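Notes for the structure review
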Amino acid sequence: MDMTASGLRQRSVTVERVESVAATATVRHVDQLDSETLAAFYEAVTDDRPVSPAETSLEEGEIIVFTDYYRVERA
């Protein structure tokens, strides 16, 4: 397993729907995402596929508010 900074950036992440969010969670509204990240997030949600965090501003563990809450997870 590659634990270097470049190796961590190369791992894919997924988004998973969550029912509740901790008060301490980092939460961003979908409107706050830049256009590349928004496109990748939308594809991850609609196509249920992982995305590269190196190509987006998504960070593992953060919560994105869309039509529901989605947690970014390592794939």
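These figures come from a predicted structure and were not determined experimentally. Here the residue numbers are simple positions, counted from 1 along each chain's written sequence. A pLDDT threshold of at least 70 governs which residues receive local features in this predicted model, and a stricter bar of 80 or more applies before side-chain atom pairs are shown or counted, although totals over entire chains, interfaces and linings include all residues. The side-chain quantities take in all heavy atoms of the structure and omit both hydrogens and water.

Describing the confidence of the model for the chain
Think of pLDDT as the predictor's per-residue confidence, scored from 0 to 100. Across the chain, the average pLDDT comes to 82, with 87% of residues at 70 or higher. Here, two residues are considered to be in contact whenever any of their heavy atoms come within 4.5 Å of each other. Low pLDDT, under 50, characterises residues 1-9; the stretch is placed with 10 contacts to residues that sit more than four places away or in other chains.

Brief notes about the sheet that holds strand β1 (residues 13-18)
Here we have 4 strands laid out as an open sheet, ordered β1-β4-β3-β2, and mixed in their pairing. Both outer strands of the open sheet, β1 and β2 (27-29), are each paired with one neighbouring strand and no more. Ignoring strand direction, the axes of neighbouring strands in this sheet form an average angle of 30°. In this description, strands pair whenever DSSP reports at least two bridges between them. Helix and strand definitions here come from DSSP, where helices need a minimum of 4 consecutive H or I residues and strands a minimum of 2 consecutive E residues; each element is numbered from the N-terminal end. Pairing geometry for β1 and strand β4 (residues 69-74), over 6 bridges, is antiparallel. Paired with valine 18 across the two strands is tyrosine 69, which belongs to β4. Axes here refer to lines fitted to C-alpha atoms; in helices the fit is confined to the stretch in contact. Angles between the N-to-C directions go from 0 to 180 degrees. Sheet strands in contact with helix α2 (residues 35-47) are β1, β3 (63-65) and β4, and its direction is about 65° off that of β1.

Concerning the packing of aromatic side chains
Between rings of Phe, Tyr and Trp, where Trp is taken as its six-membered ring, a pair exists when centres lie within 6.5 Å; planes separated by under 30 degrees are stacked, by over 60 edge-to-face, and by other angles tilted. Counted under the stated rule, the structure contains 4 aromatic pairs. Consider the rings of tyrosine 42 and phenylalanine 66, whose centres lie 6.4 Å apart with planes at 85°: the pair is edge-to-face. With a gap of 24 residues between them, tyrosine 42 in helix α2 and phenylalanine 66 in the loop between β3 and β4 connect regions that are remote in the sequence. Only protein chains enter the calculation, and the probe is 1.4 Å; a residue is then buried if its accessible area is under 20% of its type maximum, exposed if over 50%, and partly exposed in between. Residue classification places tyrosine 42 among the partly exposed residues on the basis of a relative accessible area of 46%. Between the aromatic rings of phenylalanine 66 and tyrosine 70, the centroid separation amounts to 6.4 Å while the plane-to-plane angle is 55°, which identifies the pairing as tilted. A relative accessible area of 10% means that tyrosine 70 is categorised as buried. Taken together, the aromatic side chains of Phe41, Tyr42, Phe66 and Tyr70 make up a single cluster linked through ring pairs.

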